[in-house]
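So the chains spell out like this:
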Amino acid sequence: GFPALTIRGDSGVDLVNLNGDISFASDASLIVTSEFVSTGANADLVTAGNGVITIAADHVDLDPQSTLSSAATVTIKPQSLAYAIDLGTETAGQLSLTDAELDRITADTVRIGDSSSGFITVSAALTQNSSLSLTTGSGIDINQSITMAADKSLDVFASGSIILGTSNSDLATTGMGSISLTTAR
C-alpha cells in the first residue's frame, strides 16, 4: 500500500482533486488541507488499520462514483475558523455534504466538524451506515431526521445550543447503537 500522504494547499484559493484510487499501507493516513477538495469519478481512497482520512476544506465535492473508506475515522471539517456546515443540502458559502455524499464514506466513525467549526444545520434527512460524530464551536440545528444503521451511534457536541427544530427532527438507532447530545453550560 501507499505510505502516508499529506497535501496542503498554498495561500490563496486552492483546489485539490483526488482523481485516482489510493490504497494506503496499514496505519498510514491521508490528510488534505485546501479551500476546495474534490474526488474524481471512481476514485476510491482507502486506509487500513489505524490509518485515518482527514479533509480540512471549506468546500468538498465527492463524486457519485467515488468512496472514502477507513477502518478507523474519516474526518471532514472546514479549513476556515467558524465556517458553517450544512448536512443534507448543497448551500453556497458553507461546507455542504448531501446524504448521498455521506453514504459514500465508510468508517468506524465519520466525524464532521471540530471545536473551531461554525454552526451546523441538518437540512435534509440523513441515513448513516457508520457511527457519526458532529462537533462545533457554535450550535447545531437538526431540522430533519438522522437515522443510524443497527449498532451505530450518533454523538453531537456543541458549544452552543442543540436544537431539534421541527417535528421531523427524529434521531434513531437500533441494536447497540446510542445517541448522545452534549452542549457546554
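Structural data are supplied above this passage.
Below: a short report on this structure. (Residues numbered from 1 in each chain as written. Predicted model: local features only at pLDDT ≥ 70, side-chain atom pairs only at ≥ 80, totals over all residues. Heavy atoms only, no water.)

### Focus: the pairing of strand 6 (residues 44-48)
Two faces belong to every sheet, and in a regular strand the side chains alternate between them. The criterion, for reference: For every residue, the accessible area obtained with a 1.4 Å probe (protein chains only) is divided by the maximum for its type, and the residue is called buried under 20%, exposed over 50%, and partly exposed between those limits. Secondary structure counts use DSSP, requiring at least four H or I residues in a row for a helix and at least two E residues in a row for a strand, with both numbered from the N terminus. When DSSP locates at least two bridges between a pair of strands, those strands are taken to pair.
Residue alternation in strand 6 divides its side chains into a buried set, Leu 45 and Thr 47, and an unburied set, Asp 44, Val 46 and Ala 48. Two strands pair when backbone bridges link them, and strand 3 (residues 22-26) and strand 6 are joined in this way by three bridges, in the parallel orientation. Note on strand 6: the bridge partner recorded for Ser 23 is Val 46. Pairing between strand 6 and strand 9 (residues 67-70): four bridges, direction parallel. Across the sheet, Val 46 pairs through a bridge with Ser 69, a residue of strand 9.

### Observations concerning the side chain of Ser 34
The condition that has to hold: Nitrogen and oxygen atoms within 3.5 Å of one another constitute a polar contact, given that in protein one can donate a hydrogen and the other can accept it, and given that sequence-neighbouring residues count only through two side-chain atoms. Here a residue-residue contact requires only that any non-hydrogen atoms of the pair lie within 4.5 Å.
Tracing the backbone shows Ser 34 in the loop between strand 4 (30-33) and strand 5 (36-39). Taking the relative accessible area as the measure of exposure, Ser 34 reaches 0% and is therefore buried. In terms of polar contacts, Ser 34 uses its side chain to reach the backbone carbonyl oxygen of Asp 14, at 3.1 Å. In this view, Ser 34 contacts Asp 14, Leu 15, Val 16, Ala 56, Ala 57, Asp 58 and Gln 79; residues no more than four positions away in its chain are not counted.

### Describing the sheet that holds strand 13 (residues 105-106)
Taken in spatial order, the four strands line up as 3-6-9-13 in an open sheet, and their pairing is parallel. On the outer flanks of this sheet lie strand 3 and strand 13, each paired with one strand and no other.

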